[in-house]
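Below are the chains, spelled out letter by letter.
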Amino acid sequence: FGLNSYARVIKEVPDVVFNTFSYSLAATLLITLAGGLMSYVIVRRESKWAGFLDAVLMVPYVVPGVVMAIGFLLTFNKAPLDLVGTGAIIVLILFIRRLPYGVRATSAVLRQIKPSIEEAAIGLGATPAKAFFAVTVPLMMPGIVAGAMMSFITAINELSSTLLLYTAPTTTMPVKVYSAVLDGEFGIAAALSTLLLACSGLCVYVVLRFSQSKEAAFV
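Right, let's walk through the structure included here. Everything numeric here is computed off the predicted structure, so don't read it as measured data. (Residues numbered from 1 in each chain as written. Predicted model: local features only at pLDDT ≥ 70, side-chain atom pairs only at ≥ 80, totals over all residues. Heavy atoms only, no water.)

Considerations on the overall build of the protein
For step 1, the next point in the chain: What the protein contains, in helices and strands, is 11 helices and zero strands.
For step 2, the next point in the chain: Beginning at the N terminus, the succession of helices and strands in the protein can be written as α-α-α-α-α-α-α-α-α-α-α.
For step 3, the next point in the chain: Taking all 219 residues of the protein together, the buried fraction comes to 41%.
For step 4, the next point in the chain: Put simply, of all contacts in the protein between residues at least 6 apart along the chain, 77% involve residues at least 24 apart.
For step 5, the next point in the chain: Taken as a whole, the protein presents about 11900 Å² of accessible surface, with 71% of it coming from carbon and sulfur.
For step 6, the next point in the chain: Between the averaged position of the 15 positive side-chain charges in the protein and that of its 11 negative side-chain charges there is a distance of 6 Å. (Helix = DSSP H or I, 4+ residues; strand = E, 2+ residues; numbered from the N terminus. Buried < 20%, exposed > 50% of the residue type's maximum accessible area, 1.4 Å probe, protein only. Contact = heavy atoms within 4.5 Å. Areas by Shrake-Rupley, 256 points an atom, 1.4 Å probe, with all protein chains shown as cover. Lys, Arg positive; Asp, Glu negative; His and termini not counted. Charge placed at Lys NZ, Arg CZ, Asp CG, Glu CD.)

So, the layout of surface pockets
For step 1, the next point in the chain: The space that makes up the largest pocket amounts to roughly 190 Å³.
For step 2, the next point in the chain: For the largest pocket, the full set of lining residues is Thr32, Leu33, Gly36, Leu37, Phe132, Phe133, Val137, Met140 and Ile144.
For step 3, the next point in the chain: Listing elements by their share of the lining of the largest pocket, those giving two or more residues are helix H2 (14-44) and helix H8 (128-156).
For step 4, the next point in the chain: If one sorts the elements of the lining of the largest pocket by residue count, H8 sits on top with five residues.
For step 5, the next point in the chain: For the lining of the largest pocket, the class distribution of residues is seven nonpolar, two polar and no charged. (1 Å grid on protein atoms, 1.4 Å probe; cavity = no way out; pocket = protein on both sides within 12 Å on 5 of 7 lines; lining within 4 Å. Points joined across faces, edges and corners; volume = space filled by probe spheres on them. Nonpolar A, V, L, I, M, F, W, Y, C, P; charged D, E, K, R; others polar.)

Let's talk about the environment of Leu29
For step 1, the next point in the chain: Structurally, Leu29 can be placed in helix H2.
For step 2, the next point in the chain: Taking the relative accessible area as the measure of exposure, Leu29 reaches 53% and is therefore exposed.
For step 3, the next point in the chain: Between the C-alpha atoms of Leu29 and Val84, which are 55 residues apart in sequence, the distance is 22 Å.

Side note on empty space enclosed by the protein
For step 1, the next point in the chain: Within the structure shown, the criterion is met by two cavities of 30 Å³ or more.
For step 2, the next point in the chain: Of the voids in this model, the largest cavity is the one considered here, and its volume is about 40 Å³.
For step 3, the next point in the chain: Forming the walls of the largest cavity are Thr20, Tyr23, Ser24, Ile90, Leu94, Ala155, Ile156, Glu158, Thr162, Thr172 and Pro174.
For step 4, the next point in the chain: Elements represented by at least two residues in the lining of the largest cavity include exactly H2, helix H6 (87-110) and H8.
For step 5, the next point in the chain: When residues of the lining of the largest cavity are assigned to their parent elements, the largest contribution, three residues, is made by H2.

Notes on a nonpolar patch on the surface
For step 1, the next point in the chain: A contiguous nonpolar surface patch, about 430 Å² in accessible area, is contributed by Trp49, Phe52, Val56 and Val59.
For step 2, the next point in the chain: If you trace the backbone, Val59 turns up in helix H4 (residues 59-62). (Patch = residues over 30% accessible without salt bridge, like charges linked within 9 Å, V, L, I, M, F, W, Y side chains within 5 Å. Salt bridge = Lys/Arg side-chain N within 4 Å of Asp/Glu carboxyl O.)

Considering the packing of H2 against helix H3 (residues 48-56)
For step 1, the next point in the chain: One way to put it is that H2 packs onto H3 with a least axis distance of 8 Å and a crossing angle of 135 degrees. By the angle between their directions, the pair H2 and H3 is classed as oblique. H2 and H3 meet at a crossing whose hand is left-handed. Residues Met38, Val41 and Ile42 of H2 touch H3, and the partners they reach there are Ala50, Leu53 and Asp54.
For step 2, the next point in the chain: Residues of the contact of H2 with H3, tallied by class, amount to five nonpolar, no polar and one charged. (Axes fitted to C-alpha atoms, helices over the stretch in contact; angles between N-to-C directions. Parallel < 35°, antiparallel > 145°, perpendicular 65-115°, else oblique. Left-handed = near helix turned anticlockwise from the far one by under 90°.)

Written out as structure tokens, the structure reads:
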């Protein structure tokens, strides 16, 4: 027991920690923006296309990460979308694979918000866009935050897909834990695992706090 392994992480692999959080934050931001808009289309625009979009969003959830990573390697290896070996391809696969979490969380909250609230705002002179951003989005915030946190938790712990897509400059913490265990570097593996566990626990706490306050958001 000691802090030597954490010192080694700071000294030897700080880029791994930076990559994990920067890629995950970028993917989470994209999920939050796209997930909110898709949720609105699915919930408020009940049509065959909205139902089709809802079904398509479940594909990344059920397809194994290894299979999706192979598809990414075959798709994004030619100009003008030659992303293999870059951080962009990791951000993209994290975004695609974790998008269902954000959409499901925001959709669940949006279904509890009566459309009459937006209609009242429009009746008072607001445009549909202003009614959405000024009235609906603040009411959706608990679900948006909960979905973002769940997406972030799963993104920082993603291994199956990034294991095939990473290069030395784009190594993430789960990949480094995996390779460190194979190399017998159990100290670094344990230190990185502890950091991931602590961050995941903090995010779960935030999700629970927002979930508990969700009822108050509609009062």
